[in-house]
Structures are given as C-alpha cells and as structure tokens.
Amino acid sequence: MSSDSSLKANQDQEQLRRWRLVLGEAAEESCGALTANSPDIGIDNALTALYDADSKTHLRGGSGSSSPRVARWLGDIRQYFPAAIVQVMQKDAFERLDLKSMLFEKEMLEAVQPDVHLVATLISLRGVIPAKTKETAHLVVRKVVDELMKRLEEPMRSAVAGALNRAVRNNRPRYVEIDWLRTIRANLRHWQEDYRSIIPQTLIGFGRKAQRSQREVILCIDQSGSMAASVVYSSIFGAVMASLPAVKTHMVVFDTAVVDMTEQLDDPVDVLFGVQLGGGTDINRAVGYCQSLVREPRNTILILISDLYEGGVENNLLQRANELVQSGVQFITLLALSDEGAPSYDHQLAAKLAALGVPSFACSPDQFPMMMAAAIRREDVGLWAAQQGIVPVRAGS
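Here the structure is a predicted model, which means the values were calculated and not measured.

### Focus: the confidence of the model for the chain
At step 1: Per-residue confidence for the chain gives a mean pLDDT of 81; residues scoring 70 or more make up 82%.
At step 2: Counted against residues more than four places away or in other chains, residues 61-65, with its pLDDT under 50, gives 8 contacts.

### Points about helix α14 (residues 347-355)
At step 1: Residues of α14 that are buried include every one of Leu 349, Ala 350, Ala 351, Leu 353 and Ala 354, and no others.
At step 2: Here the buried face of α14 lies against α13 (314-327), β9 (330-337) and β10 (360-363).
At step 3: Two or three places before Gln 348, at the start of α14, stands the capping residue Asp 346, its side-chain oxygen 3.1 Å from that residue's backbone nitrogen.
At step 4: Of the residues trailing α14, Gly 357 is marked for its positive phi of about 95 degrees.

### As for unusual backbone geometry
At step 1: The backbone phi angle of Leu 308 is positive, close to 65 degrees, even though this residue is not glycine.
At step 2: Located in the positive-phi region is Arg 378, a residue other than glycine, with phi close to 60 degrees.
At step 3: Considering the arrangement of structural elements, one finds Arg 378 in the loop between α15 (368-376) and α16 (381-387).

### Describing the sheet that holds β9
For sheets, the rule is that strands pair by backbone hydrogen bonds, running either parallel or antiparallel.
At step 1: Spatially, 6 strands are ordered β7-β6-β5-β8-β9-β10 in an open sheet, and the strand pairing comes out mixed. Looking at strand neighbours, the two that pair on one side only are β7 (258-260) and β10, the edges of this open sheet. Taken over all neighbouring pairs, the strand axes of this sheet differ in orientation by 25 degrees on average, direction set aside.
At step 2: Against the sheet, helix α10 (residues 228-242) touches β5 (215-222), β6 (247-254), β8 (300-305) and β9, its axis set at about 160 degrees to β5.

### Considerations on the layout of surface pockets
At step 1: Taken as a whole, the second largest pocket encloses approximately 390 Å³ of empty space.
At step 2: As for the second largest pocket, its lining consists of 18 residues, of which Gln 87, Asp 115, Val 116, His 117 and Tyr 233 are closest to the centre.
At step 3: Those elements that provide at least two residues to the lining of the second largest pocket are α5 (83-96), α7 (116-124), α8 (131-167) and α10.
At step 4: Here the lining of the second largest pocket gets 5 residues from one element, more than from any other, and that element is α5.
At step 5: Looking at the lining of the second largest pocket residue by residue, the class counts come to 9 nonpolar, 3 polar and 6 charged.

### Observations regarding the nonpolar core
At step 1: In terms of nonpolar packing, the biggest core is built from 65 residues, with Ile 303, Leu 334, Phe 361, Phe 368, Met 371 and Met 372 touching the most fellow members.
At step 2: With residues up to four places along the chain from it excluded, the contact list for Met 371 reads Ile 303, Ile 332, Leu 334, Phe 361, Val 381 and Trp 384.

### Some words on the packing of aromatic side chains
At step 1: Scanning all chains against the criterion turns up 3 aromatic pairs.
At step 2: Considering the side-chain rings of Phe 361 and Trp 384, the 6.4 Å spacing of their centres and the 45 degrees angle between planes classify their relative orientation as tilted. With Phe 361 in strand β10 and Trp 384 in helix α16, the pair connects residues that are 23 residues apart, well separated along the chain.

### Thoughts on α5
Residues that lie three or four places apart on an α-helix share one face, since the helix turns once every 3.6 residues.
At step 1: For α5, built from 14 residues, the straight-helix expectation of 20 Å at 1.5 Å per residue is met to within 8% by its first-to-last C-alpha distance of 20 Å.
At step 2: Turning to α5, its buried residues number three or more, namely Val 86, Met 89, Gln 90, Ala 93 and Phe 94. In an axial view of α5, the angular spread of the buried residues amounts to 135 degrees, which keeps them on one side of the axis. Turned more than 90 degrees away from the buried face of α5 sit Ala 84 and Glu 95, all of them exposed.

### Focus: the environment of Asn 284
At step 1: Here Asn 284 shows up in helix α12 (residues 283-293).
At step 2: We classify Asn 284 as buried; its relative accessible area is 8%.
At step 3: Spatially, the C-alpha atom of Asn 284 lies 8.2 Å from that of Leu 318, the residues being 34 residues apart in sequence.
At step 4: Filtering out sequence-adjacent residues up to four positions away, Asn 284 remains in contact with Glu 310, Val 313, Asn 316, Leu 317 and Arg 320.

### Considering a nonpolar patch on the surface
At step 1: A cluster of nonpolar residues, Trp 19, Val 22 and Leu 23, forms a patch on the protein surface that exposes about 340 Å² of accessible area.
At step 2: Mapped onto the secondary structure, Trp 19 falls in helix α1 (residues 3-23).
At step 3: Residue Trp 19 is classed as partly exposed on the basis of its relative accessible area of 47%.

### Quick notes on the pattern of salt bridges
At step 1: Counted under the stated rule, the structure contains 7 salt bridges.
At step 2: Ionic pairing is found between Glu 193 and Arg 196, a salt bridge with its closest N-O pair at 2.7 Å.
At step 3: You can call Glu 193 partly exposed: its relative accessible area is 46%.
At step 4: In this structure, Glu 379 and Arg 377 form a salt bridge, with 2.7 Å as the shortest nitrogen-oxygen distance.
At step 5: Look at Glu 379 and you get partly exposed, because its relative accessible area is 35%.
At step 6: According to the relative accessible area criterion, Arg 377 is partly exposed, its value standing at 33%.

### Quick notes on the pairing of β8
At step 1: Burial within β8 is extensive, with 6 of its 6 residues counted as buried.
At step 2: Of the two faces of β8, both are covered, the one formed by Thr 300, Leu 302 and Leu 304 as well as the one formed by Ile 301, Ile 303 and Ile 305.
At step 3: Pairing analysis gives 6 bridges linking β5 to β8, with the strands arranged parallel. Residue pairing in the sheet places Leu 219 in a bridge with Ile 303 of β8.
At step 4: Across 5 bridges, β8 lies against β9 in parallel orientation. For Ile 303, the partnering residue across the bridge sits in β9 and is Ile 332.
At step 5: For the crossover that starts at β8, traverses α13 and ends in the parallel β9, the hand is right-handed.

Rules of the game
- Residues numbered from 1 in each chain as written.
- Predicted model: local features only at pLDDT ≥ 70, side-chain atom pairs only at ≥ 80, totals over all residues.
- Heavy atoms only, no water.
- pLDDT = per-residue confidence, 0-100.
- Contact = heavy atoms within 4.5 Å.
- Buried < 20%, exposed > 50% of the residue type's maximum accessible area, 1.4 Å probe, protein only.
- Helix = DSSP H or I, 4+ residues; strand = E, 2+ residues; numbered from the N terminus.
- Polar contact = N/O pair within 3.5 Å; in protein donor to acceptor, adjacent residues only side chain to side chain.
- Pairing = 2+ DSSP bridges.
- Axes fitted to C-alpha atoms, helices over the stretch in contact; angles between N-to-C directions.
- 1 Å grid on protein atoms, 1.4 Å probe; cavity = no way out; pocket = protein on both sides within 12 Å on 5 of 7 lines; lining within 4 Å.
- Points joined across faces, edges and corners; volume = space filled by probe spheres on them.
- Nonpolar A, V, L, I, M, F, W, Y, C, P; charged D, E, K, R; others polar.
- Core = buried A, V, L, I, M, F, W, Y, C linked by side-chain atoms within 4.5 Å.
- Phe/Tyr/Trp six-rings, centres within 6.5 Å; stacked < 30°, edge-to-face > 60°.
- Expected span 1.5 Å × (residues − 1).
- Arc of directions from axis to C-beta.
- Patch = residues over 30% accessible without salt bridge, like charges linked within 9 Å, V, L, I, M, F, W, Y side chains within 5 Å.
- Areas by Shrake-Rupley, 256 points an atom, 1.4 Å probe, with all protein chains shown as cover.
- Salt bridge = Lys/Arg side-chain N within 4 Å of Asp/Glu carboxyl O.
- Right-handed = clockwise from strand over helix to strand, strands pointing away.

Printed below as a string of structure tokens:
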C-alpha cells in the first residue's frame, strides 16, 4: 500500500471513530465497535451518560444517590476533554438534566470546571444556596474572576490609559512625553539628506496627566437572565476602569429596578454577588437614572449593555437617548459583551437607536478594551466596529 493510500485509510478510520463517539452505540454497525481495551471506552461512557437519555448510566439530578456519580462524571470529562469542551458539556448537563441543585453540594462545586456560565448560574441561585455551600460558591466565583482579571486587566488598562494620554497633547513636551510617530510625520519636510536625518522643528507630545478625571464612563447593565455572561465581564472591566484615576466610572445594574453598584467596584466579586439575575426589564428607567449622573456631557461615555427587550416606555427611552446624544454624550449600546456570538435582541429598537446616533452591536471581551479606547479618542465607534468586522445595527434595518 502506498503512503498516500495508507494516509487516506488512517483519515477515514479516524473519521469513523469520531462519528462513532458522536452517534453512540447505535452507530456501531456502520462505524465499527469500540474494542474492550480501547481508550475511547471512557470517552464514550462520559458522552453516553450526558446525551443518551435511554442509557442506564444517564445522569440525573435531584437525589442524594446520584451526586457521587455526577461528581465522578465531572472528573472524567476533565480527564478526557480540553477545558473549553468541558465547559460546554457542563453547561449542557445543567440545562438538559436540571443539575442545578447539585451545585448546592460542596463536593460538587469542587469537581466542576469553573467558567463564566457557572458563575452566572451560582449568582442566579445565590439566594437559595445553603449556608454550608456559600463559602465554596464564593471561592469558585473568586477563582473565575481572578482568571479573567489576569487575561483582561492589562489590555484594558493599556488601551484606556493610552487613549487618555493621546486625547490631550502639548507642544512643549519633555523628552519622555514625545510622541515620536506623530512628531516624525509632522517634520518629514525637514528631512536633511546630508545628515540622513530629520531635524524636528515641531515636537508633539502626549498629554500630561490631568489632576481631575478626563472621562466619565457609565456602564448601564441589564441584569436579565439572558445577559448573565455580559454582567460578569462588565464587572471585571468596571473594576479595572475604576482603578484608573483619569476615569470616573459608574456601574448601574437594572431589571425593573435600578441599583447603583459604583461603591462596590473595587471588588468585582462583591459586584457579582450584589446583582440579581432574572426578572423584568425597564431600560427607560435605567437610562433616566444614568442621565442624572451626567455632569460634563462631552466628556461622558454611556454604555448600555442590553438585548433591548424593553419592558418600560419605549418612546420615553428614545427621547432620553436623543437628549443625551444632542448634549454631547457618547451613547453606545452593546447587545452582548460575551463570547457567545450573535445575540438575540430587539432589532426594531436597535434600529431606532441607531437612527438617533447610538451605535448598537455585540462585542467580545477581547474587543472591549479597544472599543473603549476608540470612544475615549472620540472616534466614530460605529465605524470602528465595522473595521473590526463587527456589523452594527443600521437605522431603519
């Protein structure tokens, strides 16, 4: 057999193996059976326990006897699959098999792979988690928050601080304040061929640090159940921005009521345990409260994070949005701040906001720092989104 034929045979065999694991025991006749000593037996058992409702090993929640089996299953999938796949399977287990009650057990929480969705679930259940489990739940949330801070804090801090430094410039900079790229561009006409050098006659420098806040950022966050992941990420970014002296940051969460969480921004875990996921939505009331916080409209960035399913008075919301935009506030709507992809949202309301000059689009956590930097530099955020391959909602669409 030639090497090409052998390679093709191996590829076909691997494809059959994968289909057998995906489709389960019913596919053995067409895809082949797993041998008794195959390392895939464990993988097959883990998948069957979750996705085959007729299997004897099928996972069920709600009974004490099932808890050890579920805990073992959680340990198995961490052995067989990478973390990203483990998180998907855990999410499927909680949603398909109603395993939320299992999270009330300390041993179960210790076996789970912590992720954003688990944090959202724990927050939504925090009112009914028994006292013996609350400390473990708090530790799980803290672990996820710490991991997200490691990933997101420096990009956020660098992007925002850099944008602020460039927002104010001076023409008599000290050496360490010189913006060399802009200085070189401004002095290209002073190129000296004999010296193979530019003689700068105009120096352009980054702005010196202001004694007061240069920008005021208001995060207005919908805490309905569909926005759970967005709430988690918003708390992280809010805490980072609150630590920057040049940015005055407010964080407001809402359902039918409005709660100002600004005082808790020094610790995003405290913020998360202060929100109440679920309930109705009154965006108009929340934006009205945020409007009362605005002191210097032209230095204020208001970011509404919501799927725009309004339970309040839509016409009043649109009127407030128009007033904010006309006063000079940069008003941006994020339909989601998560890695979940295209969100479900109210297309009509998003289009009406876009017609008023309020760009609306979904944003991933990795894109958020650069979006904030663009807003701080007073760039067209809708245009920025389009340049990133993000499709903003269009007026009248």
